[in-house]
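Examination of the molecular architecture
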Amino acid sequence: MASTLASVNPQTMRLTMGRFATGVAVVTTYAPDGTPHGMTVNSLTSVSLDPPLLLVCLTIGARSTDAITASGRFAVSILSSRQEPIAMRFARRAEDHFAGLEPAYGRHRVPVIPDALAHLECDVERHFVAGDHIVVVGRVLDTCERAGEPLAFLGGRFGDVVDRGHARAPWYF
Ligand SMILES: Cc1cc2nc3c(=O)[nH]c(=O)nc-3n(C[C@H](O)[C@H](O)[C@H](O)COP(=O)(O)O)c2cc1C
């Protein structure tokens, strides 16, 4: 049944936006003492190609959010279909997310998730509060990517993307 605006509570918002299928990424950074931090996100969006900008929306008060705004630098690791355990690990609160997991490091020395489909290292271009999240706009400093199956998220569940073998869209090159 359709919801009216008056009934848009957090549960309704989460349920409705859950119809929007996304990939899954881990945003990583380091604390002033060098300790790596990370959190699972699906709010990743490409903002601009030239200059290269992306954004992520991060919960206010999460350790990774504070570490990113403090360090001014972060990385995004786009997860493969085999990395659901990594997505779960970095979604747990109050845990040393990297315990027992050796991070890889990008060219700009930001910790990243090994074996991810893509890495993007970013400087924080700007950040601002929007409701209960902080929107972090990153200027992409460096990227690397490889072919592979992405991890998907839909309706609160992880899943796979079915490649139907269609031709690429004409504007994609
Ligand atoms: C698939 C998935 C996507 C998520 N996307 C986001 C997101 O975009 N932004 C966010 O703030 N939290 C998101 N979360 C929740 C955070 O991962 C979780 O609250 C966070 O890891 C807690 O980290 P902390 O210990 O630093 O507080 C997502 C969780 C999952 C499982």
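Residues numbered from 1 in each chain as written. Predicted model: local features only at pLDDT ≥ 70, side-chain atom pairs only at ≥ 80, totals over all residues. Heavy atoms only, no water.

The next thing to look at is the overall build of the chain. Helices and strands together make up the secondary structure of the chain, namely three helices and 12 strands. Computed over the C-alpha atoms, the radius of gyration of the chain is 17 Å, within 12% of the 16 Å expected from 2.2 N^0.38 for a compact globule of 173 residues. Overall size of the chain, expressed as C-alpha extent along the three principal axes, is 50 × 40 × 35 Å. Sorting the 173 residues of the chain into buried and exposed places 36% on the buried side. (Helix = DSSP H or I, 4+ residues; strand = E, 2+ residues; numbered from the N terminus. Rg over C-alpha atoms; globule rule 2.2 N^0.38 Å. Buried < 20%, exposed > 50% of the residue type's maximum accessible area, 1.4 Å probe, protein only.)

Right, let's talk about a negative patch on the surface for a bit. A cluster of acidic side chains, namely Glu-84, Glu-149, Asp-160 and Asp-163, defines a negative patch on the protein surface. Examined against the element boundaries, Asp-160 turns out to sit in strand 12 (residues 157-160). (Patch = residues over 30% accessible without salt bridge, like charges linked within 9 Å, V, L, I, M, F, W, Y side chains within 5 Å. Areas by Shrake-Rupley, 256 points an atom, 1.4 Å probe, with all protein chains shown as cover. Salt bridge = Lys/Arg side-chain N within 4 Å of Asp/Glu carboxyl O. Lys, Arg positive; Asp, Glu negative; His and termini not counted. Charge placed at Lys NZ, Arg CZ, Asp CG, Glu CD.)

The next point concerns helix 2 (residues 63-71). All of the buried residues in helix 2 are Ser-64, Thr-65, Ala-67 and Ile-68. For helix 2, the angular spread of buried residues about the axis comes to 165°, placing them on one side. Tucked inside the fold, the buried residues of helix 2 contact strand 2 (25-30), strand 3 (36-41), strand 5 (53-59), strand 6 (73-78), strand 9 (118-130) and strand 10 (133-145). Immediately beyond the C-terminal end of helix 2, within one or two residues, lies Gly-72, with a positive phi of roughly 75°. (Arc of directions from axis to C-beta. Contact = heavy atoms within 4.5 Å.)

This next bit is on unusual backbone geometry. Omega for the peptide link from Asp-50 to Pro-51 comes to 5°, which places this bond in the cis form. With respect to the element layout, Pro-51 can be found in the loop between strand 4 (45-48) and strand 5. For Asp-115, which is not glycine, the phi dihedral falls at a positive 70°. Within the element layout of this structure, Asp-115 appears in the loop between strand 8 (111-112) and strand 9. Under the relative-accessibility criterion, Asp-115 is labelled exposed at 60%.

Attention now goes to the side chain of Gln-83. Turning to its location among the elements, Gln-83 is positioned in the loop between strand 6 and helix 3 (84-89). Of the residues examined, Gln-83 reaches a relative accessible area of 6% and is grouped as buried.

The immediate surroundings of the ligand are formed by 20 residues, with Thr-40, Ser-43, Cys-57, Thr-59 and Phe-90 found nearest. The backbone of Asn-42 places a nitrogen or oxygen atom 3.0 Å from a nitrogen atom of the ligand. Note that an oxygen atom of the ligand is positioned 2.6 Å from one of the side-chain N or O atoms of Thr-59. The protein chains hide 87% of the 640 Å² of surface that the ligand would expose on its own. Looking at the shell around the ligand, the elements with two or more residues in it are strand 3, strand 5 and helix 2. Of the residues that constitute the shell around the ligand, the class distribution is 10 nonpolar, seven polar and three charged. (Near = heavy atom within 4 Å. Polar contact = N/O pair within 3.5 Å; in protein donor to acceptor, adjacent residues only side chain to side chain. Nonpolar A, V, L, I, M, F, W, Y, C, P; charged D, E, K, R; others polar.)

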